[in-house]
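Residue-level structure breakdown
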Amino acid sequence: MKVLKRTVYNATLKLPDGRTHKIAHNFGYGYPVESAEFMFEEGNYSCDCNKSLFLQQQGFNIDEQPCGDEIEILSYNITLEG
């Protein structure tokens with residue numbers, strides 16, 4: 001039997017005004033770690049418009065940002081959870 005784990009991308013983001021916030025995005029069960037990393041580094045989630053939406057969804061009071069690359073990823077890790 002193959003046991004699949006959830007792939008969770010955890011990051012600390014720095015806004016252009018200097019504030020930092022932590023986010024966690026659950027990609028679901030069996031999602032490749034490399035793909036999660038790609039999504040935030042070069043893929044669709046690397047854009048400020050999507051990063052700001054993740055921050056809003058997690059309860060942070062920020063305005064939706066236009067497309068761009070002003071929100072910096074200070075650190076991240078990807079965990080596989082049971």
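In every chain, residue numbers begin from 1 and rise along the written sequence. Owing to the predicted nature of the model, reporting of local features is limited to residues with pLDDT of at least 70; listing and counting of side-chain atom pairs is limited to 80 or more, with chain, interface and lining totals taken over all residues. Computation of side-chain values covers all heavy atoms of the structure but excludes hydrogens and water.

**Points about the environment of I78**
- Take I78: it is sitting in strand β3 (residues 72-81).
- Accessibility here uses a 1.4 Å probe with only protein chains present; expressed as a share of the type maximum, an area under 20% marks a residue as buried, one over 50% as exposed, and anything in between as partly exposed. The exposure class of I78 is partly exposed, given its relative accessible area of 22%.
- In this structure the C-alpha to C-alpha distance between I78 and Y9, which are 69 residues apart in sequence, comes to 4.6 Å. Counting from the N terminus, the helices are the DSSP runs of H or I reaching at least four residues and the strands are the DSSP runs of E reaching at least two.

**As for the environment of G18**
- Mapping G18 onto the fold places it in the loop between β1 (6-14) and β2 (20-29).
- Taking C-alpha positions, G18 is 9.8 Å from E72, a pair spaced 54 residues apart along the chain.

**Concerning the side chain of H21**
- Within the fold, H21 resides in strand β2.
- Its relative accessible area of 15% is what places H21 among the buried residues.
- Contacts are assigned to residue pairs with any non-hydrogen atoms lying within 4.5 Å of each other. The residues contacting H21, other than those within four sequence positions of it, are A11, T12, L13, L15, L55 and F60.

**Observations regarding the packing of aromatic side chains**
- Any two of the Phe, Tyr and Trp rings considered here, Trp counted by its six-membered ring, make a pair once their centres fall within 6.5 Å; the pair's planes then place it as stacked at under 30 degrees, edge-to-face at over 60, or tilted in between. Taken as a whole and judged by the stated rule, the model has eight aromatic pairs.
- Relative to Y31, the ring of F27 has its centre 4.5 Å away and its plane inclined at 15°; by these criteria the two rings are stacked.
- With a relative accessible area of 27%, Y31 lands in the partly exposed category.
- Measuring from centroid to centroid gives 5.5 Å for F40 and F54, while their planes differ by 35°, and the two rings are tilted. Remark: F54 occurs in helix α2 (residues 48-57) and F40 occurs in helix α1 (residues 33-41); sequence separation between them is 14 residues. Residue F40 shares its accessibility class with F54, and that shared class is buried.

**Things to note about the pattern of salt bridges**
- Note on definitions: salt bridges are taken to be side-chain nitrogens of Lys or Arg within 4 Å of carboxyl oxygens of Asp or Glu. Overall, the coordinates contain two salt bridges when judged by the stated rule.
- When the shortest N-O distance is used, the salt bridge between E81 and R6 registers 3.3 Å. Residue E81 is found in strand β3, and its partner R6 is found in strand β1; the two are separated by 75 residues along the sequence.
- Across the pair R19 and D17 runs a salt bridge whose closest N-O atoms are separated by 2.8 Å.
- For R19, a relative accessible area of 35% translates into the label partly exposed.

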